[in-house]
Amino acid sequence: MLKRHARAACTALAATGLLLAGTGGAVADPAPDPAAPSAAAALRTADAPPELLAAMQRDLGLTPTQAKARLVHEAEAGATAARLRDRLGGAFAGAWVDGADAGTLTVATTRASDTAAIRAAGAEPKLVTRTLAALDGAKAALDRAAGPATPVRYVDPRTNMLVVEETEAGAAARLLSATATDAALVTVVRTAEAPRPLHDLRGGDAYYMNGSGRCSVGFPVTRGTVHGFATAGHCGRAGTTTTGFNRVAQGSFQASVFPGSDMAWVAANTNWTSTPFVKGSGGTNVQVSGSVLQPVGASVCRSGSTTGWHCGTIQQHNTSVTYPEGTISGVTRTTVCAEPGDSGGSYMSGSQAQGVTSGGSGNCSSGGTTFFQPLNPILSAYGLTLKVSGSDPGPGPGPEPEPGGTWKAGTVYAAGASVTYGGGTYRCIQGHQAQAGWEPPNVPALWQRV
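What you see is a predicted model; the values in this text were computed from it and never measured.

Draft legend 1. Broad picture of the environment of R83. With respect to the helices and strands, the residue R83 is situated in helix α4 (residues 64-88). Between the C-alpha atoms of R83 and A445, which are 362 residues apart in sequence, the distance is 8.1 Å.

Here it is as structure tokens:
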């Protein structure tokens, strides 16, 4: 009998509504295409799972109606921010959403002449002095020299500053001195919390490593004909064997990176089948539709084998964290709570897969901070294909041949990547894994014709 592992996570709306904005080609102008329906018009908000809306109501103080509106606004804001980032180029200094319904998108730039274009696209401009690229470069220098006394570092686009958290007085100052970093770029925050990987030995809806330690399954994937799942690297090394939530033999880790990153994947044996689902409240299966990373300020929800479903917001991308085992970079910082055993579990924003739980501080009684390893780099590094709703073609002749070009379903595209399709050239504006139905002319939220 084949077994299906339901993944713990939060999901909401169908990706068709989130991403497909018409069949016409996108244009270079960041203003919305008047021929294409807006994300708000296309989103099927009635399909938002009740368990997601309940978690958002509890953790974000929203009503179900407000939660639906927020998901719509976040989808539109992500696409608008991506287009503006592409247009602003080197002057771009970050973007974020605000308000209980995420109805306000702010885009920062170092160039005053950009403000009119930002307003024309429906966003609020903010003129700042430092580009995102400059702050990311300064953070990279800090990452190379950081230790446990400065465990967390990130760029805060709202303040246009680097933030360094220190656990002991003077630790941040010593780090700045050692790297010759201008103190005017940095805000120092004192913290008593020390992030750590979130795994322990409790039972639950989980997988177990070598028959003992427990982590939470991430996202179902395939690699060719092999089924498996993405998870956190600190949960196991290549060769570590796994058993499922029911203690039945499951598979083994094929590759793992930790520290540096926190990524891994497990290949399952033939008794297990990947599904396009994550496990919702009460065991309900909810669908994963894609892997488009959402902007700072967007809602994000997580479920793990210890604490179940919890929601919060995305605080910063490209954060660096120093655990006792070493530094990881490129993770996303959130306000979602988690506890040991939740590691490896799924983060969702709407129906879009975001990443797998890495670590954090605090707990789900008093609150805390968590970090997730974004999923797209895991898919790209290991050649994995995210299992999404509608990904099984079933019997029949199969899809029509793709028009000539370099675009290919299954490829992970980063923002800025260029492809050709059907005689046109397109630039990626939001990182994602391509799939059938998301051809560049069909998804102006992801691709811009050049």
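Resuming the write-up.
Draft legend 2. Looking closely at helix α7 (residues 171-179). Within α7 the residues assigned to the buried category are A171, A172, L175, L176 and T179. For α7, the angular spread of buried residues about the axis comes to 135°, placing them on one side. Residues of α7 that are exposed and point over 90 degrees away from its buried face: S177 and A178. Looking one or two residues past α7, A180 carries a phi angle of roughly 55°, positive in sign.

Draft legend 3. Quick look at the packing of aromatic side chains. All told, the structure shown has seven aromatic pairs when counted by the stated rule. Between the aromatic rings of Y207 and F253, the centroid separation amounts to 6.3 Å while the plane-to-plane angle is 50°, which identifies the pairing as tilted. Here F253 lies in strand β15 (residues 249-257) and Y207 lies in strand β10 (residues 207-209), a separation of 46 residues in the sequence. We note that Y207, like F253, is buried. Each ring, one from W407 and one from Y421, has its centre 5.7 Å from the other, and the planes form 85°; the classification is edge-to-face. Of the two residues, W407 is situated in the loop between β26 (385-386) and β27 (412-413) and Y421 in strand β28 (residues 418-421); the sequence distance between them amounts to 14 residues. Taking the relative accessible area as the measure of exposure, W407 reaches 2% and is therefore buried.

Draft legend 4. Focus on the side chain of T231. By the secondary structure assignment, T231 is in strand β13 (residues 226-231). Accessibility expressed as a relative area gives 0% for T231, which makes it buried. Apart from the residues lying within four places of it in its own chain, the contact partners of T231 are Y207, S216, G218, F253, D262, M263, A264, V266, G344, V356 and I378.

Draft legend 5. Summary view of the packing of helix α3 (residues 50-60) against α4. Between α3 and α4, whose axes approach to 9 Å, the crossing angle comes to 100°. When the axis of α3 is compared with that of α4, the two are roughly perpendicular. On α4, the residues touching L52, L53, M56 and Q57 of α3 are P64, A67, K68, R70 and L71. Class assignment of the residues belonging to the contact of α3 with α4 gives a composition of six nonpolar, one polar and two charged.

Draft legend 6. Up close: the pairing of strand β29 (residues 424-428). Where burial is concerned, the two faces of β29 differ: the one with G424, Y426 and C428 is buried and the one with T425 and R427 is not. Two elements, β28 and β29, share four bridges in a ladder whose sense is antiparallel. When the bridges of β29 are listed, S418 appears paired with R427. The hairpin formed by β28 and β29 contains two residues between the paired strands, and G422 there has a positive phi angle of roughly 55°.

Draft legend 7. Layout of the nonpolar core. If you look at the biggest cluster of nonpolar residues, it comprises 30 residues, and the most contacted ones within it are M56, F219, V288, L375, I378 and L386. Put simply, the parts of the chain that give this core at least two residues each are α3, α4, β16 (263-268), β21 (308-323), β24 (352-363) and α8 (375-382). Not counting residues within four places of it along the chain, the set of residues in contact with L386 comprises F219, P220, V221, V288, G290, S291, A353, L375, L379 and Q433.

Draft legend 8. Representation of the confidence of the model for the protein chain within the structure. Considering every residue of the protein chain, the mean pLDDT works out to 84; 83% of them sit at 70 or more. Per-element averaging of pLDDT across the protein chain places strand β1 (residues 3-4) at the bottom with 20 and strand β5 (residues 124-127) at the top with 98. Taken as a whole, residues 1-46 scores under 50 in pLDDT and shows 144 contacts with residues more than four places along the chain or in a different chain. Counting contacts from residues 393-401, a segment whose pLDDT is below 50, to residues more than four positions away or on other chains yields zero contacts.

Criteria and cut-off values
- The numbering scheme is per chain: residues are counted from 1 as the chain's sequence reads.
- Per-residue local features are limited, in this predicted model, to residues with pLDDT of at least 70; the limit for side-chain atom pairs, both in listing and counting, is 80 or more; totals at the level of whole chains, interfaces and linings are taken over all residues.
- Values reported for side chains reflect all heavy atoms of the structure, with hydrogen atoms and water molecules removed beforehand.
- Comment: elements are numbered from the N terminus, with helices defined as DSSP H or I runs of at least four residues and strands as E runs of at least two.
- Only protein chains enter the area calculation, which uses a 1.4 Å probe; residues under 20% of their type maximum are buried, those over 50% are exposed, and those in between are partly exposed.
- This arc is built from the directions going out from the helix axis to the C-beta atoms.
- Working definition: rings of Phe, Tyr and Trp (its six-membered ring) pair if their centres are within 6.5 Å, and the pair is stacked with planes under 30 degrees apart, edge-to-face with planes over 60 apart, and tilted otherwise.
- Contacts are assigned to residue pairs that have any heavy atoms within 4.5 Å of one another.
- Working convention: axes come from line fits to C-alpha atoms, limited for helices to the stretch in contact. Angles between N-to-C directions cover 0 to 180 degrees.
- Each angle is binned into one of four classes, with values under 35 degrees roughly parallel, values over 145 roughly antiparallel, values of 65 to 115 roughly perpendicular, and all other values oblique.
- Under this grouping Gly is polar, as are all residues other than the nonpolar Ala, Val, Leu, Ile, Met, Phe, Trp, Tyr, Cys and Pro and the charged Asp, Glu, Lys and Arg.
- If DSSP finds at least two bridges between two strands, the strands pair.
- Only buried residues count toward a nonpolar core, which is a set of Ala, Val, Leu, Ile, Met, Phe, Trp, Tyr and Cys residues joined through side-chain atoms within 4.5 Å.
- By definition, pLDDT measures how confident the predictor is in each residue, and it falls between 0 and 100.

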